[in-house]
Amino acid sequence: MDDDIKRWTAKRKTVLLLDIIQGKITVSEASRAYDLNPSEVEQWIDEGKRGMDNALRSNPLVFKEQYERQLSDLQQAYGEAMLELRARKQAIAQLH
């Protein structure tokens, strides 16, 4: 792969992720070699895993369904976090 990549297309990301999966290069080596943030590479790996999970399903979700499900999960987590925060604030207020 070209060391002086200006734009990381999906195809280039795929090649890099396959190299990482096959053990040809580590995330830290790739980060140094291509001047990438390791967390960015990890994010690409997570996105790739989600894509593979979906592609290997017997009934793959279309992208819109994937994002709607992900949005729903995030909204639920946000709601739970807000409830926990509210409960903690009430507990602190009762102590004072």
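Below you will find a few notes about this structure.

Reading the values: rules and limits
Residues numbered from 1 in each chain as written. Predicted model: local features only at pLDDT ≥ 70, side-chain atom pairs only at ≥ 80, totals over all residues. Heavy atoms only, no water. 1 Å grid on protein atoms, 1.4 Å probe; cavity = no way out; pocket = protein on both sides within 12 Å on 5 of 7 lines; lining within 4 Å. Points joined across faces, edges and corners; volume = space filled by probe spheres on them. Helix = DSSP H or I, 4+ residues; strand = E, 2+ residues; numbered from the N terminus. Nonpolar A, V, L, I, M, F, W, Y, C, P; charged D, E, K, R; others polar. Patch = residues over 30% accessible without salt bridge, like charges linked within 9 Å, V, L, I, M, F, W, Y side chains within 5 Å. Areas by Shrake-Rupley, 256 points an atom, 1.4 Å probe, with all protein chains shown as cover. Salt bridge = Lys/Arg side-chain N within 4 Å of Asp/Glu carboxyl O. Expected span 1.5 Å × (residues − 1). Buried < 20%, exposed > 50% of the residue type's maximum accessible area, 1.4 Å probe, protein only. Arc of directions from axis to C-beta.

What follows concerns the layout of surface pockets. The calculated volume of the largest pocket comes to roughly 400 Å³. Lining the largest pocket, in full, are Glu47, Arg50, Gly51, Asp53, Asn54, Arg57, Leu61, Phe63, Gln66, Tyr67, Arg69 and Gln70. For the lining of the largest pocket, the secondary-structure elements that each account for two or more residues are helix H3 (38-55) and helix H4 (63-95). Partitioning the lining of the largest pocket into residue classes produces three nonpolar, four polar and five charged. Together, 13 residues line the second largest pocket, and Thr14, Leu17, Trp44, Glu47 and Gly48 are the ones closest to its centre. Counting residues per element, the ones that place at least two in the lining of the second largest pocket are helix H1 (10-21) and H3. With seven residues, the single largest contributor to the lining of the second largest pocket is H1. For the lining of the second largest pocket, the residue count by class is eight nonpolar, two polar and three charged.

So, about a nonpolar patch on the surface. On the surface, Leu18, Ile21, Met52 and Leu56 cluster together into a nonpolar patch covering about 440 Å² of accessible area. Examined against the element boundaries, Ile21 turns out to sit in helix H1.

With twelve residues, H1 should reach 16 Å at 1.5 Å per residue; the first-to-last C-alpha distance of 16 Å fits that figure. Those residues of H1 not exposed but buried are Leu16, Leu17 and Ile20. The buried residues of H1 occupy an angular sector of 100° when projected down its axis, which confines them to one face. The exposed residues of H1 that point more than 90 degrees off its buried face are Lys11 and Ile21. Downstream of H1 by one or two residues, Gly23 has phi in the positive range, about 80°.

Our next topic: unusual backbone geometry. Phi is positive for Asp35, close to 55°, though the residue is something other than glycine. Inspection of the secondary structure puts Asp35 in the loop between helix H2 (27-33) and H3. Residue Asp35 is classed as exposed on the basis of its relative accessible area, which comes to 72%.

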